[in-house]
Structure formats: C-alpha cells, structure tokens
Amino acid sequence: MKKYIYFDYAATTPVDERVIRSMTPFLNEKFGNPSSMHFFGSDAKKALEKSRVIIAKSINANPDEIIFTSSATESNNMALKGIAFNKRKGHILVSSIEHDCVLNAAKWLSKNGFEVDFLPVDKNGIVSPKEVEKRIKKNTILVSVMHVNNEIGTIQPIEAIGKICKKNNIYFHSDAAQSFGKIPIDISNVDLLTISSQKIYGPKGAAALFIKNGVKIEPLLHGGGQEKGLRSSTENVPAIVGFAKAAEIAISTMEKEKERLTKLRDKIIETLTKEIPNCYLNGHPVKRIYNNVNVRFSFVEGEAILFMLNSYGIAVSTASACSSPKLEPSHVLSAMGLKQEEAHGSIRISLGRWTKESEVNYLLKVLPEVVKKLREISPYK
Ligand SMILES: Cc1ncc(COP(=O)(O)O)c(C=O)c1O
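Source: prediction; values computed, not measured. Along each chain, residue indices are assigned from 1 in the same order as the chain's sequence is written. Under the rules for a predicted model, residues below a pLDDT of 70 receive no local features and side-chain atom pairs below 80 are neither given nor counted, while totals for whole chains, interfaces and linings still include all residues. No hydrogens and no water enter the side-chain calculation; it runs on all heavy atoms of the structure.

Asks: In this structure, what is going on with the overall build of the protein? I would like to understand it.
Replies: From N to C terminus, the protein includes 11 helices and 13 strands. Computed over C-alpha atoms, the radius of gyration of the protein comes to 21 Å, within 12% of the 21 Å expected from 2.2 N^0.38 for 381 residues, which places it in the range of a compact globule. Dimensions along the principal axes, computed over C-alpha positions, put the protein at roughly 65 × 55 × 35 Å. Burial classification: accessible surface area is computed with a 1.4 Å probe over protein chains only, and a residue below 20% of its type maximum counts as buried, one above 50% as exposed, and the rest as partly exposed. Counting every position in the protein, which comprises 381 residues, the buried fraction comes to 56%. Pairs at least 24 apart in sequence give 72% of the contacts found in the protein among residues at least 6 apart. Here the Shrake-Rupley method, with its probe set to 1.4 Å, supplies the accessible areas, and only the displayed protein chains count as covering residues. Put simply, the protein shows about 17000 Å² of open surface, and 55% of that area lies on carbon and sulfur atoms. Per the convention used, a helix needs a DSSP run of H or I reaching at least four residues, while a strand needs a run of E reaching at least two, with both numbered from the N terminus. Atoms counted for the radius of gyration: C-alpha only. Globule rule: 2.2 Å times residue count to the power 0.38. Note on contacts: a residue pair is in contact if any heavy atoms of the two residues lie within 4.5 Å.

Asks: I tried to follow helix 2 (residues 39-58) on my own but got confused; where do I start?
Replies: Residues spaced three or four apart along an α-helix face the same direction, because each turn holds 3.6 residues. Compared with the 28 Å implied by 1.5 Å per residue over 20 residues, the 29 Å span of helix 2 between its first and last C-alpha is a close match. Considered for burial, the residues of helix 2 that qualify are Gly41, Ala44, Ala47, Leu48, Ser51, Arg52, Ile54, Ile55 and Ala56. After helix 2 finishes, the residue Asn60 shows a positive phi value of roughly 60°. One fewer than the residue count of a helix, multiplied by 1.5 Å, yields its expected span.

Asks: Which parts of the structure should I look at to understand the domain arrangement of the protein?
Replies: For the purposes of this description, domain bounds are those given by an automatic or database domain assignment. Here the protein is described as being made up of domain 1 (5-12 + 254-376) and domain 2 (17-249). On a C-alpha basis, the centroid separation for the pair domain 1 and domain 2 is 28 Å. Definition used for salt bridges: Asp or Glu carboxyl oxygen within 4 Å of a side-chain nitrogen of Lys or Arg. Where domain 1 meets domain 2, there are zero salt bridges. Pairs of N or O atoms are called polar contacts if they sit within 3.5 Å, as long as, within protein, a hydrogen donor faces a hydrogen acceptor (for residues adjacent in sequence, only side-chain-to-side-chain pairs). Linking domain 1 with domain 2 are 16 residue pairs in polar contact (both at pLDDT 80 or more), by the criterion used here.

Asks: Hey, could you run me through the site of the ligand in this one?
Replies: By convention in these notes, a residue is near a molecule or strand provided one of its non-hydrogen atoms lies within 4 Å of it. Close to the ligand lie 13 residues; Thr73, Asp175, Gln178, Gln198 and Lys199 are nearest. Contacts to the ligand include Thr73, whose side-chain N or O atom sits 2.6 Å from an oxygen atom. Within the complex, the protein chains bury 85% of what would otherwise be the 390 Å² of accessible surface of the ligand. With three residues, the top contributor of residues to the shell around the ligand is helix 3 (residues 72-87).

Asks: Any chance you could explain the side chain of Gln226 here in plain terms?
Replies: With respect to the helices and strands, the residue Gln226 is situated in the loop between strand 8 (207-211) and helix 7 (237-275). Among residues more than four places away in sequence, those in contact with Gln226 are Ser35, Arg231, Ser232, Ser233, Thr234 and Glu235.

Asks: I tried to follow the nonpolar core on my own but got confused; where do I start?
Replies: A general trend in soluble globular proteins is that nonpolar side chains are found buried together. Residues belong to a common nonpolar core when they are buried Ala, Val, Leu, Ile, Met, Phe, Trp, Tyr or Cys residues joined through side-chain atoms within 4.5 Å. One finds Ile66, Val143, Leu193 and Phe243 to be the most contacted residues of the largest nonpolar core, which totals 51 residues. Of all elements in the fold, only helix 1 (17-23), helix 2, strand 2 (66-69), helix 6 (158-167), strand 7 (192-196), strand 8, helix 7 and helix 9 (331-335) reach the threshold of two or more residues within this core. Of all the elements, helix 7 adds the most residues to this core, at eight residues. Mapping this core onto the domain boundaries places at least three of its residues in each of domain 1 (5-12 + 254-376) and domain 2 (17-249).

Asks: Sorry, what's going on with the environment of Ile305 here?
Replies: Relative to the elements of secondary structure, Ile305 occurs in helix 8 (residues 302-311). The spatial distance from the C-alpha of Ile305 to the C-alpha of Lys373 is 9.8 Å, given a sequence separation of 68 residues. Excluding residues that lie within four positions of it along the chain, Ile305 makes contacts with Phe297, Val300, Ile347, Leu367, Val370, Val371 and Leu374.

Asks: Which parts of the structure should I look at to understand the pattern of salt bridges?
Replies: Pairing between side chains becomes possible if they bear opposite charge and their charged atoms approach one another. Across all of its chains, the model carries 17 salt bridges by this definition. Put simply, Arg348 and Asp8 hold a salt bridge, and the shortest N to O gap is 3.0 Å. Residue Arg348 is found in strand 13 (residues 346-350), and its partner Asp8 is found in the loop between strand 1 (5-6) and helix 1; the two are separated by 340 residues along the sequence. The exposure class of Arg348 is buried, given its relative accessible area of 9%. Between Glu357 and Lys267 there is a salt bridge whose closest N-O contact spans 2.7 Å. Of this pair, Glu357 sits in helix 11 (residues 357-376) while Lys267 sits in helix 7, and the two are 90 residues apart along the sequence. Take Glu357: its relative accessible area is 42%, and that puts it in the partly exposed class. Within the structure, one salt-bridge network assembled from shared partners comprises Lys45, Glu49, Arg52 and Glu227.

Asks: Would you explain empty space enclosed by the protein in this entry?
Replies: Leftover empty space is mapped by rolling, across the atoms, a probe with the size of a water molecule. Whether a set of points on the 1 Å grid over the protein atoms alone is a cavity depends on a 1.4 Å probe fitting there but being unable to get out, while an open set qualifies as a pocket with protein on both sides within 12 Å along at least five of seven lines; lining residues are those with an atom within 4 Å of a point. Grid points are joined across faces, edges and corners, and a volume is the space filled by probe spheres set on the points. For the structure shown, the criterion picks out one cavity of 30 Å³ or more. Estimated volume of the largest cavity: approximately 120 Å³. Taken together, 15 residues line the largest cavity, and the ones lying closest to its centre are Gly181, Lys182, Tyr201, Glu257 and Tyr290. Classifying every residue of the lining of the largest cavity gives seven nonpolar, four polar and four charged. Three or more residues apiece are contributed to the lining of the largest cavity by two domains, here domain 1 (5-12 + 254-376) and domain 2 (17-249). Gly counts as polar in this scheme, as do all residues outside two lists: the nonpolar Ala, Val, Leu, Ile, Met, Phe, Trp, Tyr, Cys and Pro, and the charged Asp, Glu, Lys and Arg.

Asks: Explain the packing of helix 3 against helix 4 (residues 100-110) to me, please; I cannot follow it from the model alone.
Replies: The angle between the axes and the distance between the axes are what describe a pair of packed helices. Here the axes come from fitting lines to C-alpha atoms, over the contacting stretch only for helices, and the angles between their N-to-C directions go from 0 to 180 degrees. Interaxial distance between helix 3 and helix 4 falls to 9 Å at its minimum, and their mutual angle equals 30°. Taken as axis vectors, helix 3 and helix 4 run roughly parallel relative to one another. Considering only the axes of helix 3 and helix 4, their crossing is right-handed. Contacts between helix 3 and helix 4 involve Ala72, Thr73, Asn76, Asn77, Leu80, Lys81, Ala84 and Phe85 from the former and Cys101, Val102, Ala105, Ala106, Trp108 and Leu109 from the latter. For this classification, under 35 degrees means roughly parallel, over 145 means roughly antiparallel, 65 to 115 means roughly perpendicular, and everything else is oblique. Handedness of a crossing follows from how the near helix is turned relative to the far one, being left-handed for an anticlockwise turn of less than a right angle and right-handed for a clockwise one.

Asks: Explain the side chain of Glu227 here, please?
Replies: Within the secondary structure layout, Glu227 lies in the loop between strand 8 and helix 7. Not counting residues within four places of it along the chain, the set of residues in contact with Glu227 comprises Leu48, Arg52, Ile66, Ile67, Phe68 and Glu235.

Asks: Explain the sheet that holds strand 13 here, please?
Replies: Whether parallel or antiparallel, the strands of a sheet pair through hydrogen bonds between backbone atoms. Reading across the sheet, the four strands line up as 9-10-13-12 and stay open at both edges, with antiparallel pairing between neighbours. Across the chains shown, the open sheet's two edge strands, defined by having one partner strand only, are strand 9 (279-281) and strand 12 (317-318). In this scheme, strands are said to pair when DSSP sees at least two bridges between them. Examined bridge by bridge, strand 9 and strand 10 (residues 292-297) share three bridges and lie antiparallel to one another. Paired with Leu281 across the two strands is Val295, which belongs to strand 10.

Structure representation (structure tokens):
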C-alpha cells in the first residue's frame, strides 16, 4: 500500500483526537448560543469563558485581553485596520516578509490614506531592530513584525523591536501564528498578538487577537456586540473550545516536542546539504523554529520537486508563491536577496506532532533521487 507522508505542518495540522473529543459536546448537546439567557446559552458561555482563560494563560495575558476571531487572517486585519481606523491617519511600518494577509492589509491601508513602509530583512531573513528605529517617524502609529516566518521559519527579535516601539509610544503588533504553541512568547512589549488554532492541531475557524488593556482599536465587524463589541458575530464555541484544548496540549508538550523535532530537522538539513550538490539552507541556521526546513536546489524548480515528491506520497510545499498565477518568486526569498531562479528552486519541509524518524529517512532516500532525476532533464544546468 502506498504510504502518504505529511511534511506540511506549517500550512495546517490535523486535529488531535483529544481536541475533537473536547469539541464534540458543543456541536450537539451543548449547542447553545453563548449570548442566550437560558441554560443552553449559559453552558456555551461557560465553555467560551473557560477557553478564554486557557488561551490567556498560554501567553500570560488577562482573559479580557483575548478577542476570539475566525482566523489569523482576520486577527491580522483586525490589528492593522483596527489601529489605523482608530488613529484615522499616520504611518505604519510592516516587515517585507509578513504573511500576505498583513502585507495586503497594509497595502490596502496605503491606498486609503495611510503612509506605509516595508522593513527590509538581512540575507538570513531577519528584521533588524536598528532598522525599525531608523524608519520610525513622528507620525508612526503601528509597527507589525511577525514572530516566526511561515516560509523560512526565522525567529524575529520581537522583544527588542517591541522595546523600541514602547520607548517611542508606538503600538507593536506581532503575528505569532507560526510560533504560538511551539516556542514561548513574551508579550511584555507587545500590544497586539495574533495566534491561531489550525497550526497547533486545533480546528480551523478559531484564532484570537490579544489586545493589551488600554490599546484602542475600531472593530471591523459591527453587529450584536460580542467580544467586547470588537468582533460581533456569534462565537464559534466548538472551535474555540478545541482551540483552547489544542493550546493546553501544545504548551504542556512544547519542550519535549522541541527536543524531538530539532533532531529530525537538523538531520534533514545536514543530510540534504551534505549529500546533494548545490543544495543550500534558506533562512537563519540557528534562529529558526524547530519544525521548519527550507532548502533550495540549483538548476531545478521547486514545483517540479513538489509534484515528483507527491507522486512518491510525500507532501511538502514550495516556497515560491505557486498560488500566484503569475508564478512570481516568493516575496520572502526575494526580500532576502535571492535571485529569481534561486527562489524558484526552493521547497519547505515542515514537521509536526506525528512526524516519525522512519518518515524522515524515507524523505532523505527519495529527495536526492528526485533532485538528481530532475537535474538530468533540466535545461538550466
Ligand atoms: C504567519 C501566518 N500568518 C497568517 C496566516 C494566515 O492564516 P489563516 O489562513 O488561517 O487565516 C498564516 C497561514 O499560513 C501564517 O502562517
């Protein structure tokens, strides 16, 4: 029987069975609307508030600083547009390697009366706090730099950037969709933080925005006034309960997972870069999340590797924006200074809770053969 192996945990994760069990009662017998006054409603409300306490605790926040949303995309849009609409004008700084939902929200704001600048990154994909300081203007209202990059896994110096923002009285937002539940997050200098369920073995349809007490934002959704009036709409209780359960499991197993996956990640990086000629690591060698490998191979296309691995039952992703019909190279790899052909020859291998050493070994057997075969027919070599 053909094996199917998943190496795309950075895209999304399967839902943990324990999470599914925690959610099930809220899909049927405890189906109530948390805003309803009767006992069906109060059961749902209790579960919602318990989940808020768990999520808040997982980042050392207060429960009233957690606003539940439907996705990291929504949380990020809420942070950028919410602050911008509240301030009405001003300058916003975002890193050039943000997820599209931050970049496109910032670009939209720039077309609607706000000044927006994009922070450069170094060759390893790291934003320098000094660059942030240099680019801050008198009218800067918000800086947004992600905690861990989704393509190359680099960990950004958000504590240092947050300190600079605090010193200059500027709000600091960080998208922690890729780091939450994997590495500790220090929110002492962060005003707004995006976290998500679907990256930590929770269901899709749940995420949150931490908004530090005192930070004022305008809501994007107007309606019944749920979530302190900041995010109207009936809360997705089953998904939020699952999100909280997933966070509890992720936080309590974080250290062990880090140890186990670091070894597997390093084995992949060492083997590929040693055994395959002209294979290089993208992103920082040390300051990177332990489940991310992003490598490039000269003379081959990442998409070709992806499709051939797929035929062997191995799922990886390309770093280039293959979702774009224009097949433009990844904005992250381009920002790091990679040439178009280098960016196009890159793939992302991301590991997770059910990655086994035997699967890594299979990948390490198949991938060199795939690259060799593709190079034999490559017009670029
Ligand atoms: C860093 C980061 N931010 C935001 C998102 C968007 O998440 P979603 O599609 O769940 O809204 C992702 C998803 O890959 C991500 O990795």
